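Breakdown of the fold
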Amino acid sequence: MGNVAQGPDEVDMADIPPSQTVLLLRAPRQGYHLVDEYPVPRLAHESEILVRNRAIGLNPIDWKAPDFGFGLPQLPYIAGRELAGVVAQVSPGNTKWKVGDRVAVISTDYRDPRKAAYQQFVVAQGHTVVRLPAHISYEQGSAFGVAFAAASLALGVSLGADFSAVLDGPDLYRAVRGLAPGTLPPDVAAECLDGLEPDERPGAGDWLGGCKWGRFGDFCKPRDPAGEARRAPGGRGRGQRQTRPLAVTPSRPKRRRGHLVGLAGLPKGYEGDDVLLHTLPIKLFHEVEAIGDALVAWAANLLDKRLLVPPDIVDIEYGLNNVNAGLDRMRNGEISGGKLVVKV
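The name an unreviewed UniProt entry gives the protein is Oxidoreductase, zinc-binding dehydrogenase family, putative, with Metarhizium acridum as the organism.

If you want it as structure tokens, here you go:
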């Protein structure tokens, strides 16, 4: 579903209305409210573009944040972290994008409501935008972005994997160390610079997230039952809720310390030194332009060469008014094995 090629859209800037329809969260433990006549967000920087929203990818955080009252920087709040659409407006002097370009937007900057997905028009920073090839539909384009950015940063920064052998991808471990002083967000600087020694970076034969790391063409070998990726002591056992870790265990004898990145959480109370626990430095993507640019350029290349395949589209809801229905289906555990998207 959703695997339909679409041609370029033509958008006249004169067609951009002064107001739009959005979904607002007014208080925790409520549904999102459909609001008409809400101002269309304005561009504030030369690097920004305005995107006419065509499809939204729903994520668990979209229902967990209101249900449990976290990740809500202000109320009322506009949610939504990934979408696809067509460029509707470009700042003067921006030559990278043009009106009519088909794009996916990875909006990890949840503090800026202009960039949220639950609205008809969305502002996007140029370094968080992926150009979509013709064979990728808007629905598919709305389904991969957050997972791609999170996995790339976890593997490339926290665990030190080098992607340069895969279509000239980025070496993020080196890239963050080559940034000018003061460029890194202060709250992720230690994770980016101090979490992994150079000789702990994965090489061919090391176990990384349950796969053997290799070169392009032998990128990820199947799991060997005798070579399980190391898991931090103190984690939950079988049958209990997992923290969704990514781990690397060196098979070379030079070091025996393992590394674990918690994408949704980390084991509590662990104080050992045989496994180093890492947090995901997601801020790198939207706050450091050089990192975001490297990742979206690589993503576009991977999509074009069909080496990055969006997840299966499990189903499609239609219209912003049906976002709540889609989130209810996710709350109830009805969506698995793929992505639920909303066609705007």
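Moving on from the model shown.
What follows concerns empty space enclosed by the protein. Scanning the model with the defined rule gives one cavity of 30 Å³ or more in all. Considered as a void within the structure, the largest cavity measures approximately 50 Å³ in volume. Looking at the largest cavity, the residues that line it are Val105, Ile106, Ser107, Thr108, Asp109, Lys115, Val123, Ala124, Gln125, Thr128 and His286. Going through the elements one at a time, strand S5 (102-106) and strand S6 (121-125) are the ones with two or more residues in the lining of the largest cavity. At three residues, the largest contribution of residues to the lining of the largest cavity is made by S6. A class-by-class count of the residues in the lining of the largest cavity yields four nonpolar, five polar and two charged.

Take the side chain of Asn59 next. In this fold, Asn59 is placed in the loop between strand S3 (48-57) and helix H1 (61-68). A polar atom in the side chain of Asn59 sits 3.1 Å from the side chain of Glu82.

This paragraph deals with the pattern of salt bridges. Using the criterion set out here, one finds 18 salt bridges in the structure. Residue Lys115 is joined to Asp112 by a salt bridge in which the shortest nitrogen-to-oxygen separation is 3.4 Å. Here the two residues Lys115 and Asp112 agree in accessibility, since each one is buried.

Quick look at helix H8 (residues 323-331) now. For H8, the complete set of buried residues consists of Val323, Gly326, Leu327, Arg329 and Met330. Seen end-on, H8 carries its buried residues on one side only, within an arc spanning 155 degrees. In this structure, the buried side of H8 is in contact with strand S1 (19-24), H1, strand S14 (313-318) and strand S15 (339-343).

Core analysis: the biggest nonpolar cluster contains 39 residues, and Val130 and Leu284 have the highest contact counts within it. Elements supplying a minimum of two residues to this core: strand S4 (82-90), S5, helix H3 (145-158), helix H4 (172-177), helix H5 (186-194), helix H6 (283-287) and helix H7 (289-304). Top contributing element to this core by residue count: H7, with eight residues. When residues are assigned to domains, this core turns out to be shared by domain 1 (19-143 + 310-343) and domain 2 (148-214 + 254-282), each giving three or more.

Moving on, we get to the confidence of the model for the protein. The pLDDT averaged across the protein works out to 85; a share of 82% of its residues lies at or above 70. Taken together, the stretch residues 216-243 has pLDDT below 50 and engages in 53 contacts with residues farther than four places along the chain or on a different chain.

Summarising burial for S6: five of the five residues are buried, a large majority. Residues Phe121, Val123 and Gln125 of S6 are buried on one face, and the alternating residues Val122 and Ala124, pointing to the opposite face, are buried as well.

Structurally, the position occupied by Pro28 is in the loop between S1 and strand S2 (33-39). Residues Pro28 and Gly69 lie 41 residues apart in sequence; the distance between their C-alpha atoms is 5.5 Å. Setting aside anything within four residues of it in sequence, one finds Pro28 in contact with Pro66, Gly69, Leu72 and Leu75.

So, about the environment of Leu159. Inspection of the secondary structure puts Leu159 in the loop between H3 and H4. On the basis of relative accessible area, Leu159 is assigned to the buried category, the value being 0%. Along the primary structure Leu159 and Arg201 are separated by 42 residues, whereas in three dimensions their C-alpha atoms are 6.6 Å apart.

What counts, and at which threshold
- Residues numbered from 1 in each chain as written.
- Predicted model: local features only at pLDDT ≥ 70, side-chain atom pairs only at ≥ 80, totals over all residues.
- Heavy atoms only, no water.
- 1 Å grid on protein atoms, 1.4 Å probe; cavity = no way out; pocket = protein on both sides within 12 Å on 5 of 7 lines; lining within 4 Å.
- Points joined across faces, edges and corners; volume = space filled by probe spheres on them.
- Helix = DSSP H or I, 4+ residues; strand = E, 2+ residues; numbered from the N terminus.
- Nonpolar A, V, L, I, M, F, W, Y, C, P; charged D, E, K, R; others polar.
- Polar contact = N/O pair within 3.5 Å; in protein donor to acceptor, adjacent residues only side chain to side chain.
- Salt bridge = Lys/Arg side-chain N within 4 Å of Asp/Glu carboxyl O.
- Buried < 20%, exposed > 50% of the residue type's maximum accessible area, 1.4 Å probe, protein only.
- Arc of directions from axis to C-beta.
- Contact = heavy atoms within 4.5 Å.
- Core = buried A, V, L, I, M, F, W, Y, C linked by side-chain atoms within 4.5 Å.
- Domains from an automatic or database assignment.
- pLDDT = per-residue confidence, 0-100.

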